[in-house]
Structure formats: C-alpha cells, structure tokens
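# Geometric and topological summary
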Amino acid sequence: MREKSPQTMLKWISRTYDMSPAALARMFQRNARTVSVWLKEGRISEKNGSKIQSAFYYLNNSPDPHNPHRSGIDCL
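Predicted model only: the values in this text are computed from it and were never measured. (Residues numbered from 1 in each chain as written. Predicted model: local features only at pLDDT ≥ 70, side-chain atom pairs only at ≥ 80, totals over all residues. Heavy atoms only, no water.)

## Focus on the overall build of the protein
In terms of regular secondary structure, the protein is built from five helices and zero strands. From first element to last, N terminus to C terminus, the protein shows the α and β order α-α-α-α-α. Per-residue burial for the protein yields a buried fraction of 33% across its 76 residues. Here the analysis covers contacts within the protein between residues at least 6 apart in sequence; of these, 46% occur between residues at least 24 apart. With an accessible surface of roughly 5300 Å², the protein has 49% of that area assigned to carbon and sulfur atoms. (Helix = DSSP H or I, 4+ residues; strand = E, 2+ residues; numbered from the N terminus. Buried < 20%, exposed > 50% of the residue type's maximum accessible area, 1.4 Å probe, protein only. Contact = heavy atoms within 4.5 Å. Areas by Shrake-Rupley, 256 points an atom, 1.4 Å probe, with all protein chains shown as cover.)

## What to know about the packing of helix α1 (residues 6-16) against helix α2 (residues 21-28)
At their nearest, the axes of α1 and α2 sit 10 Å apart, and the two run at 115° to each other. For α1 against α2, the interelement crossing comes out right-handed. Of the residues in α2, those in contact with L10, I13 and S14 of α1 are L24, M27 and F28. Here the residues of the contact of α1 with α2 sort into five nonpolar, one polar and no charged. (Axes fitted to C-alpha atoms, helices over the stretch in contact; angles between N-to-C directions. Left-handed = near helix turned anticlockwise from the far one by under 90°. Nonpolar A, V, L, I, M, F, W, Y, C, P; charged D, E, K, R; others polar.)

Structure (structure tokens):
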C-alpha cells in the first residue's frame, strides 16, 4: 500500500475536523496563506510534511510507520 502524501493527509485533517486554513495554520504554527498553498499546490517541505504526517497518524489513532516506537503526540 502506498502512503498518502502530506497534502492528502492535510486535506483529510481539514475535512474530518472541519478546520479552515486559519485553524490549520494555528495548529502547525504557520500563517493561513502558507497552509492555503499547501492545500492547493502541495508544496510542503520535508520538515512540515513530517509534522503533518505525525498529526495525521495521531488524529487517525494509528501508529506512525516511520516511527513505530513513539506515538503521534510525541512528535508534535
């Protein structure tokens, strides 16, 4: 199974928790304009992508396959 992209994970978080770009920006400590670009174009750095990935696995209540020894909350 192929892993989802950070953009897809971010869209899932947005839809599932009904979060606006501004709310996501607060969650990831970025500005709303940056998060809007992430959602539309998917240009996400590796560092920010790993934060999104960690949040996705935590909110999805599943273990992070890249870091099986830590829970998602430890990575945020």
